[in-house]
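Below are the chains, spelled out letter by letter.
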Amino acid sequence: MLPSIEVKENVSEQRQKIHPHKFTMWIAIGSITMMFAGLTSAYIVKRQQPGWISFEIPRMFWLSTTAMLASSLAVQMALKAFKDRHIKSYKNLILLTAVLGMVFIILQILGFQQIWKTGLTFSGAGAAQFLYAIAGLHVLHVFGGVITMLVMFLKSLRKTSRSYNSVPIEVASTYWHFVDALWVYLFIFFLVIH
Amino acid sequence: MSSDTILHGHSDVVTSHDVHLDEHGAHHHKETFITKYIFSQDHKMISKQFLITGMIWAIIGGLMSVIFRLQLGYPDTTFPILEDIFGKWAPGGKISPDFYYALVTMHGTIMVFFVLTGGLSGTFANFLVPLQIGARDMAAPFLNMLSYWAFFTASIIMISSLFLTAGPASGGWTVYPPLSALGDATDGSKAGMDFWIVAMVFFVVSSLLGGLNYITTILNMRTKGMSMVRMPLTIWALLFTAILGVLSFPVLLSGLILLLFDRHAGTSFYLSDIFIASTQKALPNEGGSAILFQHLFWFLGHPEVYIIILPTMGLVSEVMAVNSRKPIFGYRAMVGSLFAICILSLLVWAHHMFVTGMNPFLGSVFTLLTLLIAVPSAIKVFNWLTTLWKGNLRFTPGMLFSIGFVSMFISGGLTGIFLGNSTLDIHLHDTYFNIAHFHLVMGVAAFFGMFAGVYHWFPKMYGRYMNNTMGYIHFWVTMIGAYLIFWPMHYEGLAGMPRRYMDYSNWVSFRQFEDLNRFISTVAIVVFAVQLMFVFNFFYSIFKGRRVTTQNPWGATTLEWTTPIRPGHGNWVSEIPEVHRWAYDYGKDGREFISQAEPVGSNESSGH
C-alpha cells in the first residue's frame, strides 16, 4: 500500500566524507557564482539596448590577472608547506598571497582609472559602468580574502599554541582559487563580449 | 478537551535517565547569561531568537495592515487618535497618501522577508534540523550565530527607517525603479530607500549564512542510519528551501547593487528618458532599462514565495502524520514534488511581468511552466488528504492549523491557475484578485503552517504546553476570518478594482464595494486581535504553561523526542541514537508508533 523504501545503503560509510566547513565553502561559492551570473546576464541583456558604449580593456588588467594567477600559485604552495609542516615557508607564502592580493586590487583600481580617464565615468549605461560595478564587487571579494590571509598569517605567528589542523587553510585556499577563477571568467567575459 | 490524556499520555518510551527536567547535554560548558541567551551558538536558542524577533515583526506588520484597512474600510471617517500617534502622517486623523504607500510597502517587506522568511526558516530550520537528523548542533554554530545577528542588524536598520523624517521606503515592496532610484520623485525614495537596501543586504547575508549551514548540516551531519530517505519531510522541505535561498538571494543582491549605483553614482542601469514633475527637471540618464530590475528582482521574488511555503509544507506533513497516527501518504511523491516545485520555481519568474510588454511567445512559455507547478502542488494536496483519510485524528491546535493550511493552500492555489495565464492576467493583474490569491496561498497558508509548527514543537522548545483553549479560539477565528477577509476580494478584483489605491469613492464602478470594504476591515481588526491573544498565549506559556512530564508527549517517531525534556547544548546526554527506520512508522504491527531509534525486530513486517 505504501511505497517501499530501500534502506540497504550503508549510510555510515558516506558520512563525513567531506569536512562540513569545506562543504559550506563550496555552497557559498555556488551562491557567489549566482550573484555574478545575475550581473553578467544583466550585462548581456543590457547590451541589446540602445546607447550601449563599450571600452578598451586597459593594459593594467593583464598585469592584475598575472598577479592573481601568481597568488593562486602561492596559496597552493602555502597549503603544501603547511601539510609538510614547513611552518616557516608556510608563513612566508601566506603573506606573499596576501601581498599579491593587494597588488591585484591596486592594479585593478589603476585599470579603472585608465578607463575613467577616457571619459567613461559613472554616467551612462554601457559596458564600463557594468565593469565598475561587477569588477568592483569582485575586488571586494578579493579584499575579504586578503583579510583572511592576514588573519591566518597572524595566527601562525602565535608562539603559545600551534594548530596542525589543515581545514582552515584548505577552506581559505579554495576560496582564493575561486576568486581567481572568477576574475579569469570575468576578464574573458569582458574581453569577448563588448 | 477530553483528549488530553490521549494527547499526552505516551509514557512507554520514557527511559530511566531521560525524565529529568533541565538535563544538560554531554557537551555542557560553562554558560553566562550572555553566552546562553544573547550571543548563543546553540541552535535551539538561535531558533527562539529568530522566532521571537519574527513575532515582533509580525505584530508590527499586522498592525500596519490594520491601519491601512481602517483607511480602506472607512475612507470618509477620521480617527483623531491616528493624528495623536503619527502626527504629520495622519493630519486631522486621516492617513496621508504618502503614509498609506509607506504602510503597504513596509507591510509587504516585513511580512515576506522578516516574518515568513527570516522568522519562519530561521526558527524551524535552526530548531529541527539538528534535532531531527541527530546532530549535536549545526555544522558551523558560529556562522549560525552570525546569521541571527545579521538578521537582527537588518531588523534594526529597517525599523529605524520608519522613524526617518521623509519616512520609510514607499514604492511598493518590489522597489521597482525608476521610482525607487529617484529620491527627487517622492519622499518614499529618499533616505528610507537607502535604509531599505542596506537592511536587505544584511538580510540576504543572514539568509545565506543560515542556508549554507542548513544544507551542510543536512547533507553531512546526519546520525548513523539516517539515510536521506529516512529523513522526516520537514528536513527535506527545509533542505530545498535552503537551496532555493542560496541560489536566488544573491541575484536580488546584484539587482540591489546596481540600484545603489543608479541612486548614488549617477549610472543608468535602470533609468532612461525621465522627467521629474516635482523639480521640473529632465534627467540626463539614457539607455537604462527598468525591466532589467524586474527580471533580477523576480528571479529571487518568485523562488522567494516557495522559500516561504516549502518549510510550512514540511511542518504540516509532519504534524499531520503524527496527529493522524498514520504514515504520511506517498512519502517519495512528497519528496519528488518538493523537488519539482523547487526546480520549477526557478523557471517562472517572468509571470510577474506578463504586462511589461514582453514577447507573447515568451509569455506563453512562462504560462506553461507556471501551470506545471499545479501538478506537484496537487500531488501534495492529494497526499495530505489521503494521510488524513481514515486516520485516528487528534485535533490538537497544531493539527487544526495543519488542516487549515491545506484548505488555504487549495483555495489560494486554484486562483493561481487564473493568474498564471498570460491572457487572463491582462485583466487580473494589479487587482484585488491578485491580493486575495497570494494572501491565501502564501500569506495565510504560511502563517498557518508556522502556527502548526509553533503549537506542535512548543513543548520541545520550552518544556511546557501552550494553552489549548486559546489555541482553539485562535484557530477558528483566524480560519473563518481569513476567508471572510480574502474571499470577497476575489469579486472586487474580478470587477477590476485595482490594488494600491487608498480611496475608491471617486469611482462609480468601485463605490459599490463600500460596504464590502468596511466588512473586510472589521474582520481584519478582529483577526489581528486574536493574533495578539496567540502572542499572549505564547509568552504566558513559556513561564506558566502546563509542564511537559513525558519525553514524547505526542507519541512521535522522530529523533527530537528522544532528547531530554529540556535538552542542553548538545541535545543528547549520551550517544546520539542510531536510526533504524524511516520517520513514519505509525500503526505498524499493531503498535501505535515506533521510534526511528528502535531497531527493526526480527519478526517485524517488512516496510520502511
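Figured I'd write up the structure that's included with this text.

1. Some points on the overall build of chain B
Okay, so step 1: Helix and strand content of chain B: 18 helices and four strands.
Okay, so step 2: For chain B, the C-alpha radius of gyration of 25 Å lies close to 25 Å, the compact-globule estimate for 608 residues.
Okay, so step 3: For chain B, the spread of C-alpha atoms along the principal axes amounts to about 80 × 55 × 45 Å.
Okay, so step 4: Sequence-distant contacts, at least 24 apart, represent 79% of the contacts inside chain B between residues at least 6 apart.
Okay, so step 5: The average position of the 33 basic charges and that of the 34 acidic charges among the side chains of chain B differ by 7 Å.

2. Quick notes on the interface of chain B and chain A
Okay, so step 1: Taken together, the contact pairs 48 residues of chain B with 37 residues of chain A.
Okay, so step 2: A buried area of about 3,500 Å², summed over both sides, lies between chain B and chain A, and 73% of it is on carbon and sulfur atoms.
Okay, so step 3: Linking chain B with chain A are zero salt bridges.
Okay, so step 4: For the interface between chain B and chain A, the tally reads six residue pairs in polar contact (both at pLDDT 80 or more).
Okay, so step 5: Secondary-structure elements contributing two or more residues to the side of chain B that touches chain A are α7 (191-220), α8 (233-264), α9 (290-324) and α10 (331-345) of chain B.

3. With respect to a nonpolar patch on the surface
All names here are of chain B.
Okay, so step 1: Taken together, the side chains of L371, L385, I410, L414, I417, F418 and L424 present a nonpolar region at the surface, about 560 Å² in accessible area.
Okay, so step 2: With four residues, the single largest contributor to the nonpolar patch is helix α13 (residues 397-419).
Okay, so step 3: With respect to the secondary-structure elements, L424 resides in helix α14 (residues 422-428).

4. Points about α8 of chain B
Helical geometry note: an α-helix holds 3.6 residues per turn, so side chains three or four residues apart project in the same direction.
Residue and element names in this part refer to chain B.
Okay, so step 1: Over its 32 residues, α8 extends 46 Å from the first C-alpha to the last, a length consistent with the 46 Å expected when each residue adds 1.5 Å.
Okay, so step 2: In the structure, α8 departs most strongly from a straight axis at V246, where the bend amounts to approximately 25 degrees and where the proline P250 lies between one and four residues downstream.
Okay, so step 3: Of all 32 residues in α8, 28 are buried; the element is thus mostly enclosed.
Okay, so step 4: Directly after α8, the chain includes G266, whose backbone phi takes a positive value near 85 degrees.

5. Some points on the side chain of S254 of chain B
Okay, so step 1: Along the chain, the position of S254 of chain B falls in helix α8.
Okay, so step 2: Apart from the residues within four sequence positions on either side, S254 of chain B is in contact with M35, G38 and L39 of chain A.

6. Side note on the nonpolar core
Okay, so step 1: Membership of the largest hydrophobic core comes to 253 residues, with the highest contact counts inside it found for W196, W384 and F405 of chain B.
Okay, so step 2: Once residues lying within four places of it in the same chain are set aside, the contact partners of W384 of chain B are M313, V316, S317, M320, M334, F405, V406 and F409 of chain B.

Rules of the game
- Residues numbered from 1 in each chain as written.
- Chains lettered and ligands numbered in written order.
- Predicted model: local features only at pLDDT ≥ 70, side-chain atom pairs only at ≥ 80, totals over all residues.
- Heavy atoms only, no water.
- Helix = DSSP H or I, 4+ residues; strand = E, 2+ residues; numbered from the N terminus.
- Rg over C-alpha atoms; globule rule 2.2 N^0.38 Å.
- Contact = heavy atoms within 4.5 Å.
- Lys, Arg positive; Asp, Glu negative; His and termini not counted.
- Charge placed at Lys NZ, Arg CZ, Asp CG, Glu CD.
- Buried area = accessible area lost by both parts, 1.4 Å probe.
- Salt bridge = Lys/Arg side-chain N within 4 Å of Asp/Glu carboxyl O.
- Polar contact = N/O pair within 3.5 Å; in protein donor to acceptor, adjacent residues only side chain to side chain.
- Patch = residues over 30% accessible without salt bridge, like charges linked within 9 Å, V, L, I, M, F, W, Y side chains within 5 Å.
- Areas by Shrake-Rupley, 256 points an atom, 1.4 Å probe, with all protein chains shown as cover.
- Expected span 1.5 Å × (residues − 1).
- Bend = angle between axes of the 7 residues up to and from the residue.
- Buried < 20%, exposed > 50% of the residue type's maximum accessible area, 1.4 Å probe, protein only.
- Core = buried A, V, L, I, M, F, W, Y, C linked by side-chain atoms within 4.5 Å.

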